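Working through the structure, step by step
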Amino acid sequence: MTNEELLEMIGDTDDALLEKAESPAKSPKIHWKRYAGIAACLVLCASGAAWYLRMHKPDTPPADGMGGIDPTAETGNLPILEGNFQGGDMGFEGLEFYDISELKSGNPWHEDAEISTLPVFENVYVFQHSGTLAQPADEARMFEQLRETAAIIGEGIDETALIRHNTNYGSLTLEDIRGKFPSEEEAIAYMEQGSFYMLEAVLDDHRLTADAWFNTRIEFSPSIRLPEGMDFGHHDAYEQYVASAEYLEDAYMDAFGMEEPTACIEGGDYNIYNEQSYHIYFYDAAGDMTEQILNYNFDSVKFACDDVRQLWLIDRTNIDRTHKVGDYPILTPEEAEELFRNGAYLTTVPEEYLPEGMTTARIELIYRMGRSEKYYMPYYRIYAQIEPDFVREYDTKTYGAFYIPAVRPEYLTDVETWDESFN
Amino acid sequence: MEDEQIINLYWQREEAAIAESSRKYGTYCHAVADSILHSAEDAEECVNDTWLRAWHAMPPERPNALRFFFAKITRNLSLTRWRKTHADKRGGGQLPLILEELRECTDRTADVESQVDYRAMLESLHRFLHALPERELRLFLGRYFYAKELSDLAGTCGISAKNASVILCRVRKRLHDHFVKEGFGNDK
């Protein structure tokens with residue numbers, strides 16, 4: 001029997017087996033869920049401190065509860081960031097390396113950056129559990145972004161041939177919409193319910209999209225052959241990515257209007273076949289450290305290749321920064337690490353994978369940018385070696401990711417920031 | 001509308017059967033097709049064809065689980081469409097990977113369609129799947145029936161994508177050994 005025949009045969013699987021496979025999964029062991037109840041029992045007087053410990057119960061709570069951090073400090077006029085962390089079914093965030101030094105990042109933040117405040121932005125288009133956006137996507141703006149994106153590659157957009165993606169009906173052309181809704185008013189009313197989230201234009205050689213969160217994408221079909229020596233594949237060496245990035249910067253980055261486009265070759269983790277992989281991004285390194293951090297997290301251009309080393313994707317992330325909540329005082333990296341040592345962190349790593357006395361292997365400051373995040377706010381991400389129970393064929397180590405909100409705890413209550421995805 | 005009522009509509013040759021099927025299972029079937037085809041347009045056509053196939057199949061068929069009855073039709077139509085549209089194009093989506101993975105389970109000397117007793121081998125496959133732990137079954141069918149990406153599957157099982165990949169690798173090896181043991185392949 002061939003693999004294709006087997007694939008066909010699996011299509012005749014018993015309904016009972018399909019039913020069993022679709023039954024609700026047993027809840028994964030996620031820290032903050034496990035300790036949600038326990039946290040209420042901890043003797044802590046301030047809401048900020050309670051929020052931290054809801055995520056993970058320290059084995060030995062520090063004498064002052066927050067390792068020297070005062071959760072009752074004055075908050076001034078800044079709004080308290082409210083919400084609830086949401087758990088759910090998910091994998092855990094972990095990377096494989098022989099040594100953490102193999103992890104490559106272009107993050108401009110460093111431990112000596114001496115930043116005391118960072119802005120927090122509201123995601124007004126937050127994606128809700130109902131499957132709709134908190135407010136309807138701005139179709140006019142998305143169209144304008146599509147038009148600008150098309151101009152980058154010398155194309156125009158046919159307004160009548162657009163496809164509207166929404167969470168209820170999938171992809172709809174104008175003709176589909178007319179067919180589904182008896183009147184234009186009903187069609188407009190439907191779109192305004194908030195399930196419409198992305199606009200797509202299909203051109204002869206490209207597919208372009210613009211979404212509600214200000215991201216745009218160009219997919220090339222057929223993909224573009226890069227000059228010999230400037231191409232890149234999924235598991236090329238780091239140096240090859242550097243060479244490709246230099247070419248891509250010269251060839252494409254002028255179109256994106258960045259003052260100082262700076263390449264980031266990120267990744268370096270290993271898959272189960274012992275292959276490393278990297279990704280190429282660019283961000284604007286102009287401005288002071290805060291501006292660079294914001295650009296790095298909110299505004300980047302990613303290039304991706306296909307299986308035959310040809311360019312098939314340019315992904316522009318340009319998250320909306322127009323709804324600023326305020327500049328919030330942040331923890332120092334030392335304070336974040338102290339919280340980590342005390343077990344006050346967010347993680348998706350199952351409890352049974354956590355060894356005693358975890359230590360920081362790498363710390364960085366990032367913004368979490370998920371569509372379900374109510375606020376775009378900074379976090380410290382700490383990588384620490386963990387001990388998963390799966391057997392490896394190679395001698396790599398697993399490093400789990402642990403998040404500590406960088407905004408000082410007196411400004412936080414139950415912050416709804418987790419969208420069950422990873423940055 | 002209850003499944004039984006929808007089936008009755010098909011049996012009564014009421015065209016409302018299609019509208020009700022679409023209303024209840026359209027999104028689900030679209031997801032099944034889209035996992036295979038990675039094209040909203042192609043998926044939409046396969047889903048529409050699904051209702052037509054169901055119209056021709058009922059009567060005489062009276063499925064016990066309408067959801068899976070539709071899913072199997074959609075899956076078959078999507079696979080057929082994928083073969084037609086992707087035969088000469090670069091590999092997109094999950095199917096090329098999935099086929100490569102399934103090669104590990106089959107008789108590795110079989111490059112052409114082989115003459116096996118389909119019914120007997122399907123029963124053998126069922127014996128194997130029924131004996132799998134729930135997590136392994138969820139991963140196996142999620143990957144090879146629904147053509148889902150590893151990261152999505154890992155999410156539903158609370159494990160990392162790499163862990164899911166390792167588990168599936170072991171299940172494929174076990175399935176290969178199971179087939180060999182039951183006389184449906186050789187140990188090469």
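Note that this is a predicted model, so its numbers are computed, not measured.

Criteria and thresholds
- Residues numbered from 1 in each chain as written.
- Chains lettered and ligands numbered in written order.
- Predicted model: local features only at pLDDT ≥ 70, side-chain atom pairs only at ≥ 80, totals over all residues.
- Heavy atoms only, no water.
- Helix = DSSP H or I, 4+ residues; strand = E, 2+ residues; numbered from the N terminus.
- Buried < 20%, exposed > 50% of the residue type's maximum accessible area, 1.4 Å probe, protein only.
- Pairing = 2+ DSSP bridges.
- Contact = heavy atoms within 4.5 Å.
- Axes fitted to C-alpha atoms, helices over the stretch in contact; angles between N-to-C directions.
- Arc of directions from axis to C-beta.
- Phe/Tyr/Trp six-rings, centres within 6.5 Å; stacked < 30°, edge-to-face > 60°.
- Lys NZ or Arg CZ within 6 Å of the ring centre and 35° of its normal.
- Buried area = accessible area lost by both parts, 1.4 Å probe.
- Salt bridge = Lys/Arg side-chain N within 4 Å of Asp/Glu carboxyl O.
- Polar contact = N/O pair within 3.5 Å; in protein donor to acceptor, adjacent residues only side chain to side chain.
- Nonpolar A, V, L, I, M, F, W, Y, C, P; charged D, E, K, R; others polar.
- Core = buried A, V, L, I, M, F, W, Y, C linked by side-chain atoms within 4.5 Å.
- pLDDT = per-residue confidence, 0-100.
- Parallel < 35°, antiparallel > 145°, perpendicular 65-115°, else oblique.

**Some points on unusual backbone geometry**
A negative phi angle is the norm for most residues apart from glycine, just as the trans form is the norm for most peptide bonds. All names here are of chain A. The residue after Ser221, namely Pro222, is reached through a cis peptide bond having omega 5°. Following the sequence through the fold, Pro222 ends up in strand 7 (residues 216-224). Even without glycine at this site, Phe214 takes up a positive phi of about 80°. Note that Phe214 resides in the loop between strand 6 (206-211) and strand 7. Phe214 sits in the buried class, given a relative accessible area of 15%.

**A word on the sheet that holds strand 12 (residues 324-329) of chain A**
Residues and elements named next belong to chain A. Pairing is antiparallel in the open sheet, where three strands are placed in the order 12-2-15. The open sheet terminates on both sides in strands that have one partner only, identified here as strand 12 and strand 15 (375-376). Here strand 2 (residues 117-122) pairs with strand 12 via five bridges, running antiparallel. Across the sheet, residue Phe121 finds its bridge partner in strand 12, namely Lys324. Against the sheet, helix 10 (residues 289-298) makes contact with strand 2 and strand 15, and its axis sits at roughly 35° relative to strand 2, the strand it touches most.

**Focus: helix 1 (residues 3-11) of chain B**
All names here are of chain B. If you check which residues of helix 1 are buried, you get Ile6, Ile7, Leu9 and Tyr10. The buried side chains of helix 1 occupy one side of the element, clustering within an arc of 155° when seen end-on. Of the residues one or two after helix 1, Arg13 is the one with positive phi, at around 60°.

**Quick word on the side chain of His206 of chain A**
By the secondary structure assignment, His206 of chain A is in strand 6. The contacts of His206 of chain A, once residues within four sequence positions are left out, are Ile153, Glu155, Ala201, Ile218, Glu219 and Phe220 of chain A.

**Observations concerning the packing of aromatic side chains**
Applying the stated criterion across every chain yields a total of 26 aromatic pairs over all chains. Judged by centre distance (5.2 Å) and plane angle (70°), the ring pair of Phe121 of chain A and Phe298 of chain A falls under edge-to-face. One end of the pair, Phe121 of chain A, is in strand 2; the other, Phe298 of chain A, is in helix 10, with 177 residues separating them in the sequence. Exposure remark for Phe121 of chain A: the relative accessible area of 4% places this residue in the buried category. An aromatic cluster is built from Tyr10, Tyr25, Trp51, Trp55, Phe69 and Phe70 of chain B, whose rings are joined through pairwise contacts. The cationic tip of Lys148 of chain B hangs over the ring face of Tyr146 of chain B; the distance from NZ or CZ to the ring centre is 5.5 Å.

**Side note on the interface of chain A and chain B**
Tallying the contact residues gives 46 residues for chain A and 58 residues for chain B. Counting each side, the surface lost to burial between chain A and chain B is near 4,700 Å², with a carbon and sulfur contribution of 58%. Summed over the shared surface of chain A and chain B, the number is three salt bridges. Between Glu4 of chain A and Arg83 of chain B there is a salt bridge, with its nearest N and O atoms 2.8 Å apart. Connecting chain A to chain B are ten residue pairs in polar contact (both at pLDDT 80 or more). Looking at which element gives the most residues to the side of chain A that touches chain B, the answer is helix 1 (residues 3-10) of chain A, with eight residues. A per-class count over the side of chain A that touches chain B returns 21 nonpolar, ten polar and 15 charged.

**Here we look at the nonpolar core**
Membership of the largest hydrophobic core comes to 74 residues, with the highest contact counts inside it found for Leu248, Phe303, Ile314, Tyr380, Phe402 and Ile404 of chain A. With five residues, strand 5 (residues 196-202) of chain A is the largest single contributor of residues to this core. Here Ile314 of chain A is in contact with Thr216, Arg217, Ile218, Phe220, Tyr252, Phe256, Val301, Lys302 and Phe303 of chain A, once residues within four sequence places are set aside. Counting 68 residues, the second-largest nonpolar core is a separate cluster that includes Val47, Phe68, Cys105 and Tyr146 of chain B.

**What to know about the pattern of salt bridges**
Side chains that carry opposite charge are capable of pairing whenever their charged atoms lie near each other. According to the stated counting rule, one finds 31 salt bridges over all chains in the structure shown. With a closest N to O distance of 3.1 Å, Glu373 of chain A and Arg368 of chain A form a salt bridge. Accessibility assignment for this pair places Glu373 of chain A and Arg368 of chain A in one class, buried. Note that Glu101 of chain B is salt-bridged to Arg143 of chain B, the shortest N-O span being 2.8 Å. On the criterion of sequence distance, the pair formed by Glu101 of chain B in helix 5 (residues 95-102) and Arg143 of chain B in helix 7 (residues 134-144) is long-range, its members being 42 residues apart. Each member of the pair, Glu101 of chain B as well as Arg143 of chain B, is classed as buried.

**What about the confidence of the model for chain B?**
Per-residue pLDDT for chain B has a mean of 84; in total, 89% of the residues score no lower than 70. Looking over chain B, one finds the lowest element-wise mean pLDDT in helix 8 (residues 150-157) of chain B, namely 79, and the highest in helix 7 of chain B, namely 91.

**With respect to the packing of helix 2 (residues 15-22) of chain A against helix 7 of chain B**
Direction vectors running N to C along helix 2 of chain A and helix 7 of chain B enclose 110°, while the axes themselves pass 8 Å from each other. Of the possible angle classes, the one that applies to helix 2 of chain A and helix 7 of chain B is roughly perpendicular. Across the interface between the two elements, Leu17, Leu18, Lys20, Ala21 and Glu22 of chain A of helix 2 of chain A pack against Leu137, Arg138 and Leu141 of chain B of helix 7 of chain B. When its residues are assigned to classes, the contact of helix 2 of chain A with helix 7 of chain B shows five nonpolar, no polar and three charged.

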